[in-house]
Amino acid sequence: MKDFWYNGTNKNILEVFRMIKELKEFLFKANVLDLAVAVVMGAAFNAIITSLVEDVITPLFLNPALKAAGVAKIADLSWNGVAYGSFLSAVINFLIVGTTLFFVVKAANAATALSKKGKDEEETEAAPTQEELLTEIRDLLKEK
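Residues numbered from 1 in each chain as written. Predicted model: local features only at pLDDT ≥ 70, side-chain atom pairs only at ≥ 80, totals over all residues. Heavy atoms only, no water.

## A closer look at helix 4 (residues 130-143)
For helix 4, with 14 residues, the first-to-last C-alpha span of 20 Å sits near the 20 Å given by 1.5 Å per residue. In terms of residue burial, helix 4 counts as a barely covered element, since only zero of its 14 residues are buried. (Helix = DSSP H or I, 4+ residues; strand = E, 2+ residues; numbered from the N terminus. Expected span 1.5 Å × (residues − 1). Buried < 20%, exposed > 50% of the residue type's maximum accessible area, 1.4 Å probe, protein only.)

## Describing the pattern of salt bridges
Per the stated rule, a full pass over the model turns up three salt bridges. The salt bridge involving R18 is made with E15; its shortest N-O contact spans 2.2 Å. One end of the pair is R18 and the other is E15, both in helix 1 (residues 11-27) and three residues apart, which spans about a single turn. The class for R18 is partly exposed, based on a relative accessible area of 39%. Since its relative accessible area comes to 36%, E15 is described here as partly exposed. Between R18 and E22 there is a salt bridge whose closest N-O contact spans 2.4 Å. On the criterion of helical spacing, the pair formed by R18 and E22 is a turn pair, its members being four residues apart in helix 1. For E22, a relative accessible area of 42% translates into the label partly exposed. When salt bridges that share partners are traced, they join E15, R18 and E22 into one network. (Salt bridge = Lys/Arg side-chain N within 4 Å of Asp/Glu carboxyl O.)

Read these as geometric descriptors, not functional statements.
In structure tokens:
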């Protein structure tokens, strides 16, 4: 039985190296790296928002409502056997994350627009107009 990696030719070895090269190109594209960073940042952001809801918002704003309902934690909220407290907490998390991401994306879009506007102004200032080019050509022809 012939070995897969070497069967008398370098064809299989070259195929493996080609696949490794393609994998490396795919992994190091900006989109894949950006996505990986976004996933890690999202996980960290989720921990922050969960702590904000459980440790700040619930004690400050929801405790009066929780005391009126006769429960100690938001997870203990229920109505006719339906425990909706955890769901309510998840909805609050979602609203906070969605609102925060909305403002982050809006700020990023504004920064990108300002950056593009500055680059466009630089490009228009750097390029000579058609009249200037024609004047230069005319002057060069007069010198000859």
